[in-house]
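Structure at a glance
Here is what each chain is made of, one letter per residue.
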Amino acid sequence: MAIHLFNTLGRKKQAFAPLVPGKVGIYSCGLTVYGRGHIGNFRAFLMADTLRRMFEANHYAVTQVINITDVGHLVGDLDGGEEKLQMMSKKLGESAWDIAAKYTALYFEDMKKFNMLTPHVSPKATDHIAEQITMIEAIEKNGYTYTIADGVYFDTSKLESYGQLSGQSLDEKESGARVSLGDKKNGSDFALWKFAPEGVERQMIWESPWGKGFPGWHIECSAMSEKYLGVPFDIHTGGIDHIAVHHENEIAQTLAARNCLEANFWMHNEFLQIDGGKMSKSLGNTYTVADLETHKIHPLSFRLFILGAHYRTPQNFTWDAVGASHAALGSIRNTVRDLPKPSDADAESMAQFMERVNDDLDTPGALAIFYGVLNHVSMERSVKSATLLKMDEVLGLALEDVVARPLNVPSSVEKLLIDREAARSNKDWAKSDEIRAEIVKLGFDVNDTPAGQKVMEIW
Ligand code: AMP
Ligand code: ZN
């Protein structure tokens, strides 16, 4: 079945053709580990995870790389401002290395909670300084660099195609960029290597042919993607905030160093918003997995919430909306528990489902097909189990933990249910509620259905 993806490079949906038949290499910009990843970041990572799952469902061998930015990302993305890890180190009084290690570990824990597949490679920028230096040397040799007081810069005016991703010419960028030029030749020029400022103690610092310092943020991704996927590779993803600067600059670097387009497809997710604006750490309006859990929202419910919007539309986060997704997933889990063991998936439903996900990851459309099967009244029930499980390989809602796995209800709860049934037939609602509270204490809940009491997991 054909796969179509929206390519920011060219701004249209294109039929996907892999560089090597049956294989796909995907690189996604990962977390800057100066804080815990927020759920906006995870919208980007969940998009990458869904993309991988879609390709795997289409029988591609995927190599997925999501990097870890543990040095070089400056406040404000442009070349001014402090480096984020260094800034946090000063603020917290902990070493930049310890901060990076702490938030990298948490990032892996959070990924598991969202049921993300572990990327095949999670390269850290600080482990790839040599590769970055080698690439800067190639850019320098080809005549695209100049050195000023604070670093080695990329001269964007030397690259005719600069601006191809964002669709802006250099002149438009110049007039749009409200950055002070300083000693830079052009406003859009960017640092490849930053010198350690005089008199400022830096913890993350390396020797280089140009002097002691640290790499720019953009060179990290060009160098690490090349190392693990080669150039060109198939697909590069990230949030839309990366189009104009970070990804434009990655493309420029790889072109200047290797005379080759870095990746064929560039896919960008829209923002998770809050009150109509971007959720972002610098604005201080973020939530993390820990906040979801405090609000009794399971991370998988957040995953369902994210799947409910197409990745290229802005999505507004509210507790009510994510609460509705939580209730919906609870109800899905409850329903599939009672299904029998899976037989064979329904081919027609699967074809409809794959048609949706293969159409630029239309997850809302795919979910509609999923619910159609879930609520189907005449589909053979073992076929239903098999179909829902197969769809879940793409959706990632961990339904394998619950399909055809009726709750194991202990006799203590069974006994309370009998007492509660008696209380209810005596219309003793207070007693019925009391007993329910006891049931909840034992880790279960009860739903009153037309067919009588139904025990449920607490979700
Ligand atoms: P960063 O840690 O800033 O390098 O961001 C990691 C990834 O999260 C990048 O792909 C960003 O574009 C993405 N991102 C950041 N904030 C949001 C948001 N509110 N919604 C969706 N993606 C985001
Ligand atoms: Zn990147």
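Structure's up top.
Within every chain, residues take consecutive numbers counted from 1 along the sequence as written. The order in which chains are written sets their letters, starting at A; the order in which ligands are written sets their numbers, starting at 1. Totals for whole chains, interfaces and linings use all residues, but because this is a predicted model, local features are given only for residues with pLDDT of at least 70 and pairs of side-chain atoms are given and counted only at 80 or more. Water and hydrogen atoms were dropped before computing side-chain values, which therefore reflect all heavy atoms in the structure.

For the rest of this paragraph, the subject is the layout of surface pockets. Here a cavity denotes grid points, spaced 1 Å and computed from the protein atoms alone, that fit a 1.4 Å probe unable to get out, and a pocket denotes an open set having protein on both sides within 12 Å along at least 5 of 7 lines; residues with an atom within 4 Å of a point are the lining. Grid points are joined across faces, edges and corners, and a volume is the space filled by probe spheres set on the points. Approximately 820 Å³ is the volume attributed to the largest pocket. The set of elements that each furnish at least two residues to the lining of the largest pocket consists of helix H1 (39-57), helix H2 (84-92) and strand S9 (233-239). Think of it this way: any DSSP run of H or I at least four residues long counts as a helix, any run of E at least two long counts as a strand, and we number them from the N terminus. If one sorts the elements of the lining of the largest pocket by residue count, H1 sits on top with five residues. Three classes are used: nonpolar for Ala, Val, Leu, Ile, Met, Phe, Trp, Tyr, Cys and Pro, charged for Asp, Glu, Lys and Arg, and polar for all others, with Gly counted as polar. Here the residues of the lining of the largest pocket are counted per class, giving 13 nonpolar, 15 polar and nine charged. Both domain 1 (4-269) and domain 2 (274-401) contribute no fewer than three residues apiece to the lining of the largest pocket. The start and end points of each domain follow an automatic or database-based domain assignment.

On to helix H9 (residues 299-307). Working note: α-helix, 3.6 residues per turn, so residues spaced by three or four point in the same direction. Burial here depends on accessible area, computed with a 1.4 Å probe over protein chains only, as a share of the maximum for the residue type. Under 20% is buried, over 50% is exposed, and the range in between is partly exposed. Within H9, nine of the nine residues are buried, which leaves it mostly tucked inside the rest of the structure. Inspection of H9 places Pro299, Leu300, Ser301, Phe302, Arg303, Leu304, Phe305, Ile306 and Leu307 among the buried residues, and these make up the whole buried set.

So, on to the site of ligand 1. In this text, near means that some heavy atom of the residue lies within 4 Å of the molecule or strand in question. Lining the immediate surroundings of ligand 1 are 20 residues, of which Thr32, Gly239, Asp241, Leu272 and Met279 lie closest. With respect to ligand 1, the side chain of aspartate 241 contributes an N or O atom lying 2.5 Å from an oxygen atom. Pairs of N or O atoms are called polar contacts if they sit within 3.5 Å, as long as, within protein, a hydrogen donor faces a hydrogen acceptor (for residues adjacent in sequence, only side-chain-to-side-chain pairs). In the environment of ligand 1, a nitrogen atom lies 3.2 Å from a nitrogen or oxygen atom belonging to the side chain of asparagine 269. Surface exposure here means Shrake-Rupley accessible area, sampled with a 1.4 Å probe, where a residue is shielded only by the protein chains that are shown. Within the complex, 94% of the 490 Å² of free accessible area of ligand 1 lies under protein. Mapped by element, the contributors of at least two residues to the shell around ligand 1 are H1 and S9.

In this section: the packing of helix H4 (residues 129-141) against helix H7 (residues 243-258). Where helices are involved, their axes are fitted lines through C-alpha atoms of the stretch in contact, as for all axes, and angles between N-to-C directions lie from 0 to 180°. Viewed as axis vectors pointing N to C, H4 and H7 meet at an angle of 70 degrees, and their least axial separation amounts to 7 Å. The angle between H4 and H7 places the two elements in the roughly perpendicular class. Between H4 and H7 lies a crossing whose hand is left-handed. Contact residues: Met135, Ala138 and Ile139 in H4; Gln253, Thr254, Ala256, Ala257 and Arg258 in H7. A breakdown of the residues in the contact of H4 with H7 according to their chemical character gives five nonpolar, two polar and one charged. These descriptions rest on fixed angle ranges, namely under 35 degrees for roughly parallel, over 145 for roughly antiparallel, 65 to 115 for roughly perpendicular, and the rest for oblique. Crossing handedness: left-handed means the near helix sits turned counterclockwise from the far one by under a right angle, and right-handed means the same turn made clockwise. Whether two residues touch is decided by their heavy atoms; if any such pair falls within 4.5 Å, the residues are in contact.

Right, let's get into the sheet that holds strand S11 (residues 272-274). A pair of strands is considered paired only if DSSP assigns at least 2 bridges between the two. Within the open sheet, the three strands sit side by side as S12-S11-S13. Their pairing is mixed. If you trace the sheet from one side to the other, it starts and ends with strand S12 (277-278) and strand S13 (315-316), each paired once. Two elements, S11 and S13, share two bridges in a ladder whose sense is parallel. Residue pairing in the sheet places leucine 272 in a bridge with glutamine 315 of S13.

Each patch is built from residues lacking any salt bridge and having more than 30% relative accessible area; the joining distance is 9 Å for like charges and 5 Å for nonpolar side chains (Val, Leu, Ile, Met, Phe, Trp, Tyr). One side-chain nitrogen of Lys or Arg within 4 Å of one carboxyl oxygen of Asp or Glu is enough to make a salt bridge. Think of it this way: Lys and Arg go in the positive column, Asp and Glu in the negative one, and His and the chain ends go nowhere. Working definition for charges: the position is that of NZ of Lys, CZ of Arg, CG of Asp or CD of Glu. A contiguous patch of negative charge, built from Asp428, Asp433, Glu434 and Glu438, is present on the exposed surface. Summarising the element assignment, glutamate 438 is placed in helix H15 (residues 429-441). Take glutamate 438: its relative accessible area is 38%, and that puts it in the partly exposed class.

A full pass over the atoms with the stated rule returns two cavities of 30 Å³ or more. In this structure, the largest cavity occupies an estimated 90 Å³ of space. Every residue along the wall of the largest cavity is listed here: Arg43, Leu46, Met47, Thr50, Ile306, Leu307, Ala309, Tyr311, Leu361 and Thr363. Counting residues per element, the ones that place at least two in the lining of the largest cavity are H1 and H9. For the lining of the largest cavity, the leading source of residues is H1, giving four residues. Taken together, the residues of the lining of the largest cavity break down into seven nonpolar, two polar and one charged. Counting contributing residues, the lining of the largest cavity receives three or more from each of domain 1 (4-269) and domain 2 (274-401).

So, on to the coordination of the zinc ion (ligand 2). Here the coordinating atoms are restricted to nitrogen, oxygen and sulfur within 2.8 Å of the metal centre, or 3.2 Å for Na, K and Ca, and because water is not among them the sites may look incomplete. Taken together, Cys29 (SG), Cys221 (SG) and His246 (NE2) make up the full set of protein donors to the zinc ion (ligand 2), lying 2.0 to 2.2 Å away. Mapped onto the sequence, the residues coordinating the zinc ion (ligand 2) show the spacing C-x191-C-x24-H. Of this pair, cysteine 29 sits in the loop between strand S3 (23-28) and H1 while cysteine 221 is found in helix H6 (residues 217-229), placing the two residues 192 residues apart along the sequence.

Next up on the list: the sheet that holds strand S6 (residues 151-154). Spatially, the four strands line up as an open sheet ordered S5-S6-S7-S8, and their pairing is antiparallel. Edge positions in the sheet fall to strand S5 (145-148) and strand S8 (213-215), since each of these pairs with one other strand and no more. Going from strand to strand, the sheet's axes swing by 25 degrees on average, the running direction of each strand aside. Pairing analysis gives four bridges linking S5 to S6, with the strands arranged antiparallel. Across the sheet, the residue bridging to isoleucine 148 is glycine 151, located in S6.

This brings us to the packing of H2 against helix H3 (residues 96-113). Running from N to C, H2 and H3 point in directions that differ by 105 degrees, and their axes come no closer than 8 Å. With respect to each other, H2 and H3 are oriented roughly perpendicular. Where H2 abuts H3, its residues Leu85, Met88, Ser89 and Leu92 lie against Ala96, Ile99 and Ala100. Classifying every residue of the contact of H2 with H3 gives six nonpolar, one polar and no charged.

What follows deals with the pattern of salt bridges. For the coordinates displayed, the defined rule picks out 27 salt bridges. The salt bridge involving aspartate 155 is made with lysine 158; its shortest N-O contact spans 3.9 Å. Residue aspartate 359 pairs with arginine 356 through a salt bridge whose shortest N-O separation is 3.2 Å. In this structure aspartate 359 comes out as partly exposed when scored by relative accessible area, which is 23%. Connected through salt bridges with shared partners, the residues Lys13, Glu355, Arg356, Asp359 and Asp362 form a single ionic network.

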